[in-house]
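# Notes for the structure review
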Amino acid sequence: MTRLSPRNALRRAAGLLAAAGLLAVVPLAGAATPARADEPPVFTLGGPAETSLHPYRAGGGPKPSRLGITVTAPSGEEGTGFAGRFTLTFDLSGVAGVADVAFDGAASGAETSDGGASGGGTAPDCEVTGAKAVCVGTGVRPGTHPVAVLVVTAAAGGERGDSGAITVTGEAEGAAFTPFTARVTVGGPDLVMEELPFRTELVPGDRQQAPITFANRGAGDAEGVLLTLRYTRGLDIPQRYSNCRYSEDDPGPSGVGRTTALCTVEGAFEAGEAYTLATPLTIEATERAYRDTFLYRIEEAGPPRPAPAAFERGDGAVLRAVPVTGPQNRVAGRTADPTPHDNQREADFRTENTADFAAYGDRVSGARGATVTADVGFRNVGPAWIGHLRSGEDVAVVDFTVPRGASVVAKPDRCRAVTAAGEYREDQRSPAPRYLCPTSPAVHDGKGLDLSFALRIEEVLIGAEGEVTVRAPSARNPALPFDPAPANNTARLVLNAGDDGDGGPSTPPTSDPGPDASPSGAPATSAPGGGAAGASGGSDSGTGSGHGGGLASTGSGALTVAGAAAVALTAGLVLVAAARRRTGRHS
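Quantities reported herein were computed from a predicted structural model and do not represent experimental measurements.

### Looking at the pattern of salt bridges
Note that side chains of opposite charge can pair when their charged atoms are close. In the structure shown here, the tally under the stated rule is 14 salt bridges. Arg199 is paired through a salt bridge with Asp206; the nearest N and O atoms lie 3.8 Å apart. With relative accessibility at 41%, the residue Arg199 sits in the partly exposed group. We note a salt bridge from Asp399 to Arg471, for which the minimum N-O separation is 3.3 Å.

Shown next, in the form of structure tokens:
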């Protein structure tokens, strides 16, 4: 079987399951073990460990459940993939008389969201023969990807409590597969989360109750439930329950940052009954709220699972769930398919708030031929954090015009060279007059984007200026809709200002200098206005408020011209004095 290089394999990896966000809380097979260079890779088959089936109804026919099978291949630097064929074998003998199994051809043959087929190459072609099914596919990429979807229904004549197992094995030349076993049970619980009628238009400080309510619409009781809460940076739940584990997620590449709470609630949750929290949660829009999401999910607790290292247990009261009584209990006697898609709800909130993005520039000096470093960028001085969680688009772009007399010899990876007018530029290697540097889909309050450019001084021009602007990604609509102070969106990079220049080096407008936005793969588009040819540089950061490199560009031109005129006048006086001395010596 032909092996893909790690670099090409990583480029093709889509991370399909990662987009689901909370699928990590569903019991799945463990991650694949990275292989050494001299050993074949090991692929891990996985999926939900337990699947409940609705009992077969005489005259009503079966109601199906879907069981997705995944394959996980090593990723990262040690990741590798295969372009050849692989075979998956499903042993169905363990569910004979308990369940009937078919394969969803449309699902298994569909392409993944990144344009590749399930598993990496051609989607598996599955065929069931008696108590055995065989799926043949091509290509396995790094990461976790779906390879087959089983449609499972309770067998006619079966009884509640009947249970069996489906075992999946795989093989491929030059690779190994770890097997996976999925258990199916007739008459298990089907937990459904009710949607809450939140107020979604808020102002900072708003609080509202969240009486989480769920129902068991299956045919069996649930022994304990796991309630998962996940909310973004602008929201808070002040309570910290002792039967919940909390984690402040690392912002990661997207810079989003979320709080996750995993709450294990004990008790027997009976089929056909609805339950609500004994005390409603409180959801608060904090001073940094802007566009936020709140996710709430319910599932059967299952066997105890070790808490991830990043989670800490709360020290408050115990979170409990109690039966809903009276007419509110709308689900008594109802049944529905035991499917997981209705276990989870999400709410989006819009908070009336602002975020001030302040650009900063720099001052650098150097002799002709010298290389200097210019530090430019911006800070979100708050109060809100800004995130485009649904669209995934970049929050902003730093538009940098290089000062005359310098050329860029090194730039940040995220920055793209453009023409002086901000148009697309094919050549990304040679110095450009202008650069566009996008943020990630989220920028935290107190964070921003720091950019270092290495500049070569081609010509010493006193007080030559470049411009640093933070704006919206679209050049046609450059205004930042959340920013109430656009005057500080632009700062200057001053080259060889001289001793008589106004101001001096300063720091970005925040006490936290660390960047919080990750590179975006989407190229930025053209920007308004033109730019002078050349490139920029600097060593210290400016504030964007009228000091040092961060001097506002409006009204500063006269000061620069005056400084240059003073230098020229001084030089002229020196020449006149020297001429007089020479005349005196020869007289």
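Let us keep going from here.
### Some points on the environment of Gly446
Structurally, Gly446 is set in the loop between β35 (442–443) and β36 (448–457). A residue is classified by how much of its surface remains accessible, and Gly446, at 22% relative accessible area, is partly exposed. Sequence separation between Gly446 and Asn380 is 66 residues, and the spatial gap between their C-alpha atoms is 5.4 Å.

### A short note on a negative patch on the surface
Among the surface-exposed residues, Glu50, Asp221, Glu223, Glu270 and Glu300 lie close enough to one another that they form a single negatively charged patch. By the secondary structure assignment, Glu50 is in strand β3 (residues 50–53).

### What about the state of the cysteines?
The final tally for this structure, using the stated rule, is 3 disulfides. With a sulfur-sulfur separation of 2.1 Å, Cys126 is cross-linked through a disulfide to Cys135. Classification of the bridge connecting Cys126 and Cys135 rests on its S-S torsion, roughly 115°, and on that basis the disulfide is right-handed. Each sulfur of the disulfide joining Cys415 and Cys437 lies 2.0 Å from the other.

### Quick notes on the side chain of Thr276
Tracing the backbone shows Thr276 in strand β21 (residues 274–277). At a separation of 3.1 Å, a polar atom in the side chain of Thr276 contacts the side chain of Thr213. In contact with Thr276, other than residues within four places in its own chain, are Pro211, Ile212, Thr213, Arg320, Ala321, Val322 and Val324.

### Remarks on the sheet that holds strand β2 (residues 42–46)
One open sheet accounts for 5 strands, arranged β6-β9-β4-β2-β11; its pairing is mixed. Whereas interior strands pair on both sides, the edge strands pair on one side only; in this sheet they are β6 (99–103) and β11 (176–178). Averaged over neighbouring strand pairs, the angle between their axes works out to 30° when direction is ignored. Bridge count for strand β4 (residues 65–73) against strand β9 (residues 143–154) is 9 bridges, and the pairing is antiparallel. What sits directly across from Val71, in β9, is His145.

### Observations regarding the pairing of β36
Counting buried positions along β36 gives 7 out of 10 residues, so the element sits mostly inside the fold. Of the strand pairs in this sheet, strand β29 (residues 371–383) and β36 are connected by 9 bridges, and their pairing is antiparallel. Looking at β36, one finds that Phe378 is bridged to Leu449. Across 4 bridges, the pairing between strand β32 (residues 406–410) and β36 is antiparallel.

### Section: the packing of aromatic side chains
All told, the structure shown has 16 aromatic pairs when counted by the stated rule. The rings of Phe198, Tyr231, Phe294, Tyr296 and Phe349 are connected pair by pair, giving a single aromatic cluster. Its end group placed over the ring of Tyr290, Arg291 keeps NZ or CZ at 4.1 Å from the ring centre.

### Section: empty space enclosed by the protein
Evaluated as defined, the whole model comprises 1 cavity of 30 Å³ or more. Computed from the structure, the largest cavity encloses a volume of approximately 30 Å³. As for the largest cavity, its lining consists of Leu229, Tyr231, Ile237, Gln239, Tyr241, Tyr246, Ala261, Cys263 and Leu281. Among the residues making up the lining of the largest cavity, the classes are represented as 8 nonpolar, 1 polar and no charged.

Rules behind the numbers
- Residues numbered from 1 in each chain as written.
- Predicted model: local features only at pLDDT ≥ 70, side-chain atom pairs only at ≥ 80, totals over all residues.
- Heavy atoms only, no water.
- Salt bridge = Lys/Arg side-chain N within 4 Å of Asp/Glu carboxyl O.
- Buried < 20%, exposed > 50% of the residue type's maximum accessible area, 1.4 Å probe, protein only.
- Helix = DSSP H or I, 4+ residues; strand = E, 2+ residues; numbered from the N terminus.
- Patch = residues over 30% accessible without salt bridge, like charges linked within 9 Å, V, L, I, M, F, W, Y side chains within 5 Å.
- Areas by Shrake-Rupley, 256 points an atom, 1.4 Å probe, with all protein chains shown as cover.
- Lys, Arg positive; Asp, Glu negative; His and termini not counted.
- Charge placed at Lys NZ, Arg CZ, Asp CG, Glu CD.
- Disulfide = S-S within 2.5 Å.
- Polar contact = N/O pair within 3.5 Å; in protein donor to acceptor, adjacent residues only side chain to side chain.
- Contact = heavy atoms within 4.5 Å.
- Pairing = 2+ DSSP bridges.
- Axes fitted to C-alpha atoms, helices over the stretch in contact; angles between N-to-C directions.
- Phe/Tyr/Trp six-rings, centres within 6.5 Å; stacked < 30°, edge-to-face > 60°.
- Lys NZ or Arg CZ within 6 Å of the ring centre and 35° of its normal.
- 1 Å grid on protein atoms, 1.4 Å probe; cavity = no way out; pocket = protein on both sides within 12 Å on 5 of 7 lines; lining within 4 Å.
- Points joined across faces, edges and corners; volume = space filled by probe spheres on them.
- Nonpolar A, V, L, I, M, F, W, Y, C, P; charged D, E, K, R; others polar.

Read these as geometric descriptors, not functional statements.
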